[in-house]
Amino acid sequence: MVISQPGRTDIHLAVLAPIELGRDCEGLLLADGQVSRRHLKLEPVDGRVIATDLGSTNGTTLDGQPITSPVVLSESATLVAGETTIRLWVDRSAPRPTFVPDAGLDPRATQTATPVVRPDPGVPDDIRATSIQRVAESIEMDKIDVAPLVSGNGTITIVFSDIESSTERNVALGDQVWFEVLGKHNDTVRKHLARYGGTEIKNQGDGYMLSFPGARMAVDCMVAVQAELEHARTIDPERSVRVRVGMHTGEALVDDDGDLFGQHVVIAARVANLASGGEILLSQLTHDIVAARGDMVFGEARSVELKGISGGPHDVYPVYWEDQRG
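Note that the coordinates shown come from a computational prediction; the quantities given were computed from them, not determined experimentally.

> Could you clarify how one ought to interpret the sheet that holds strand 13 (residues 199-204) in this entry?
Pairing between the strands of a sheet comes from backbone hydrogen bonds, and it takes one of two forms, parallel or antiparallel. Spatially, 13-14-12-15-18-20-19 is the arrangement adopted by the seven strands of the open sheet, whose pairing is mixed. Two strands lie at the open edges of the sheet, namely strand 13 and strand 19 (302-304), each paired on one side alone. The average undirected angle you get between the axes of adjacent strands in this sheet is 25°. Pairing between strand 18 (residues 279-283) and strand 20 (residues 314-318): three bridges, direction antiparallel. By the bridge assignment, Ser283 is partnered in strand 20 with Val316. Against the sheet, helix 3 (residues 175-195) engages strand 12 (155-163), strand 13, strand 14 (207-212) and strand 15 (243-251), with an angle of about 5° to strand 14. Against the sheet, helix 4 (residues 215-235) contacts strand 12, strand 14, strand 15 and strand 18, and its axis sits at roughly 175° relative to strand 15.

> What am I meant to see in the environment of Ser283 here?
Mapped onto the elements of the fold, Ser283 is located in strand 18. The buried category is assigned to Ser283, whose relative accessible area is 4%. Beyond its immediate stretch of four places on either side in the chain, Ser283 contacts Met247, His248, Thr249, Val271 and Asp315. Within the structure, Ser283 has its side chain in polar contact with the side chain of His248 (distance 2.8 Å).

Reading the values: the criteria
- Residues numbered from 1 in each chain as written.
- Predicted model: local features only at pLDDT ≥ 70, side-chain atom pairs only at ≥ 80, totals over all residues.
- Heavy atoms only, no water.
- Pairing = 2+ DSSP bridges.
- Helix = DSSP H or I, 4+ residues; strand = E, 2+ residues; numbered from the N terminus.
- Axes fitted to C-alpha atoms, helices over the stretch in contact; angles between N-to-C directions.
- Contact = heavy atoms within 4.5 Å.
- Buried < 20%, exposed > 50% of the residue type's maximum accessible area, 1.4 Å probe, protein only.
- Polar contact = N/O pair within 3.5 Å; in protein donor to acceptor, adjacent residues only side chain to side chain.

These figures capture arrangement, not role.
Here it is, written out as structure tokens:
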């Protein structure tokens, strides 16, 4: 993105994760008196950028028209917030240095900061370019305090999910219908997340990273999500989606700042990326914890390689969630 303000050097911003823009926000600060404290949000989804006005006083326009809901920016799009102009910068012939707000750089100095290049986060290369990958990449750059989320026995269950073939579904449905479908999907996930005591760690488009203090809570929650989405599919198949879910349970290794580290996040993301649409896939440890009660039905174990994770091959287990609905 190219962000232009009167009398100031243009800012080139790489939108790698959701970021707010405003006079006093946690993202990119703008020196524009016509801009609200939290004015708008930019978010990457499936290779495109979505802009959302955050209820600003003076509003945001796209090509001269006020935006009242999330909009996809085309290559020729021009956003205006106050006296600030925001345009997509697209040049496929060569990379361009970009400024990315970073915890090590004072965001209030961004107007005069020298643009810097930030490499792609080191997410394992066998995870396909899905929303799961984008969530996993984004948490590499965030400070996520998980200390309050750990169970009494020191474990945490991490869940990743995304919509199968979301890019293709977006193209087939068109942007307006797609955002309605995506909104209903998000409402479904968050409704059951609250019901089962989970926590939303990260949302990136249609992809989620969730955490639960118990493995059974995590499975029950995602069974409820899949059941509701399947019910919606029977009512309106044209606007339905199929969600891929994977999870892993492990000891929560937390550093001095309260941030989760270790391999558990990577394992959960890898397991989720092996799932098919409409499937819930569990790591060996999560399966063993949940299966101990003897009241849940699973498919046969699949032996898979999880690149970079020692001790393989690893077994993963599909949940026959249709048989769990009561």
